[in-house]
Amino acid sequence: MKQYIIEGGHPLFGEITISGAKNAAVGIIPAALLVDGTCRIENIPQISDVTLLLHILEELGAKIRVLNRHAVELDCHAIHSTHPSYEMARRIRASYYLIGALLGRFGEATVAMPGGCDFGVRPIDQHIKGFTAMGAEVGVEGGFIQATAKDGRLTGTSVYLDVVSVGATMNIMMAAVLARGNTVIENAAKEPHIVDLANFLNSMGADIRGAGTETIKIRGVERLGGGSYCIIPDQIEAGTYMTAVAATGGQVLIKNVIPKHLDCISAKLVEMGVYIEDRGDAILVRRSDPLQKTNVKTMPYPGFPTDMQPQIAAVLTTARGTSIVNENVWNSRFKYIDELKRMGANIQADGHVAVIEGVDHLQGAPVQACDLRAGAAMVIAGLSAQGTTELSQVQFIERGYEDLVGKLRAVGADIRVVELPDIAEQKEAHIG
Ligand SMILES: CC(=O)N[C@H]1[C@@H](OP(=O)(O)OP(=O)(O)OC[C@H]2O[C@@H](n3ccc(=O)[nH]c3=O)[C@H](O)[C@@H]2O)O[C@H](CO)[C@@H](O)[C@@H]1O
Ligand SMILES: C=C(OP(=O)(O)O)C(=O)O
């Protein structure tokens, strides 16, 4: 079992370079299944969700050439299966994109119900609504979603999303690029990774317009032929380090970012008294004064991202005054609050609202990462706390952050990884 051991109380100084965006990469890699040729993808983050997706593609028949730590060449010409293994696909959320991509190219997909972080119910009815409207028959059997295009190829149509869904927007876009005729997605999500997926597909020969607005128009083409593409920097990874500096104090230049994508996060940090400077493709974050309270409401882009909610809540635990955090996207994204309370935070959560009374400081404690961003929040809490924090379940963090420990150590954080035998092994050793 792996743990992060954090000695808190060190301000952060120096530079951090942001990796490629997780939620773009986990869409673009499955989307490569639509390409009948070779595509080169650069700025791929080294995270466990990506590794798993690359294994899945290889198992389906893709030829993968690793060019360097962050670039691969994928040749999906000779895919021989539309049935990824249950065990692999069920482990991550983004495996749902295998449905849109395989259905779009081969007219058939059988994919395990997806996994991912546990925020309560995570339905995929809007994805299914889109596939069905395009002429697919979709059913669930034995834990698999089975989707078949009635006459072997989907037909473009108009799909109005009942909720603004990142996954449904990207999945329907993938299904539509090789469909007969035109597809229009109304009430589409506008996140930067949606634009990135559209740019990737267009660079391979697709015809998608309007990504980044609420209406996306896709003209089906006969074939995607291949090409080269570089993934955007990760908005959430950048935001996480911005909040880490806010929590600890110090000054860090966060490099390889698109500042526009960070506006929603920067605005909140400025309200809290943090200095933010846009340096083009980098952002300078400095915090020297005490933090002030603020209120946060999560919303689809360009609103404040739900994937930054736990991290900003961790910072607000030591801001002066009472802050209110309103989670509008997920039903159950406050599980980490009990862990923050172990460190002395004063938070009351009820339904979608958390009320945070700032305390003077947090104290280190043994705590757990409940999911990916909750884990990042606990790291931030540990960095700002007095004393030692032992953070377990860090495999969740490694789903989405490339070398979090190395990047933080480079700016002066006292954080290290330890490998412990798990409890079953410890008991066995004791009995033995
Ligand atoms: C791999 C990936 O990119 N994950 C992100 C993606 O998740 P994911 O794609 O699962 O999230 P969605 O944007 O689809 O979900 C947004 C809201 O719509 C609801 N909904 C969604 C789909 C559906 O068919 N029916 C439905 O009711 C959900 O319950 C939720 O309340 O966007 C979320 C919202 O920004 C982020 O937190 C996740 O990090
Ligand atoms: C919730 C997230 O990921 P996933 O949807 O893959 O569980 C996330 O990236 O914060």
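Keep in mind that this is a model prediction, so the values were computed, not measured.

Rules and cut-offs
- Residues numbered from 1 in each chain as written.
- Chains lettered and ligands numbered in written order.
- Predicted model: local features only at pLDDT ≥ 70, side-chain atom pairs only at ≥ 80, totals over all residues.
- Near = placed C-beta within 6 Å.
- Nonpolar A, V, L, I, M, F, W, Y, C, P; charged D, E, K, R; others polar.
- Domains from an automatic or database assignment.
- Pairing = 2+ DSSP bridges.
- Helix = DSSP H or I, 4+ residues; strand = E, 2+ residues; numbered from the N terminus.
- Axes fitted to C-alpha atoms, helices over the stretch in contact; angles between N-to-C directions.
- Buried ≥ 20, exposed ≤ 12 C-beta atoms within 10 Å, placed from the backbone.
- Parallel < 35°, antiparallel > 145°, perpendicular 65-115°, else oblique.
- Contact = placed C-beta atoms within 7 Å.

Caption draft 1: Geometry of the site of ligand 2. Inspection of the region around ligand 2 gives K22, N23, I92, R93, A94, G116, C117, D307, L372, R373 and G400 as its neighbouring residues. For the shell around ligand 2, the residue count by class is four nonpolar, three polar and four charged. Shared between two domains, the shell around ligand 2 holds at least three residues of each, these being domain 1 (2-19 + 233-424) and domain 2 (22-230).

Caption draft 2: Spatial organisation of the sheet that holds strand β4 (residues 63-68). Ordered in space as β4-β5-β3-β13, the four strands form an open sheet in which the pairing is mixed. Pairing within the sheet leaves two strands with one partner each, and these edge strands are β4 and β13 (224-230). Strand-to-strand twist in this sheet, taken as the mean axis angle between neighbours without regard to direction, amounts to 10°. Sheet topology note: the β4/strand β5 (residues 71-75) ladder contains five bridges and is antiparallel. Considered in β5, the bridge of R65 is made with E73.

Caption draft 3: Layout of the pairing of strand β6 (residues 108-112). Summarising burial for β6: four of the five residues are buried, a large majority. With five bridges joining them, β6 and strand β8 (residues 144-149) adopt antiparallel strand pairing. In the strand pairing of β8, E108 is matched with T148.

Caption draft 4: View of the site of ligand 1. Taken together, 20 residues lie near ligand 1, and N23, Q126, S165, V166 and G167 sit nearest. If you list the elements that add at least two residues to the shell around ligand 1, you get α1 (22-31), α5 (125-133) and α6 (166-176). Each residue belonging to the shell around ligand 1 can be placed in one class, and the counts come to ten nonpolar, six polar and four charged. Two domains share the shell around ligand 1, each providing at least three of its residues, namely domain 1 (2-19 + 233-424) and domain 2 (22-230).

Caption draft 5: View of the packing of helix α8 (residues 235-248) against helix α10 (residues 309-316). Look at α8 against α10: their axes get within 9 Å of each other, and the N-to-C directions meet at 5°. In terms of axis orientation, α8 runs roughly parallel to α10. Taken together, the residues of α10 that come into contact with α8 (itself represented by G239, T240, T243, A246 and A247) are Q311, I312, A314 and V315. Of the residues that constitute the contact of α8 with α10, the class distribution is five nonpolar, four polar and no charged.

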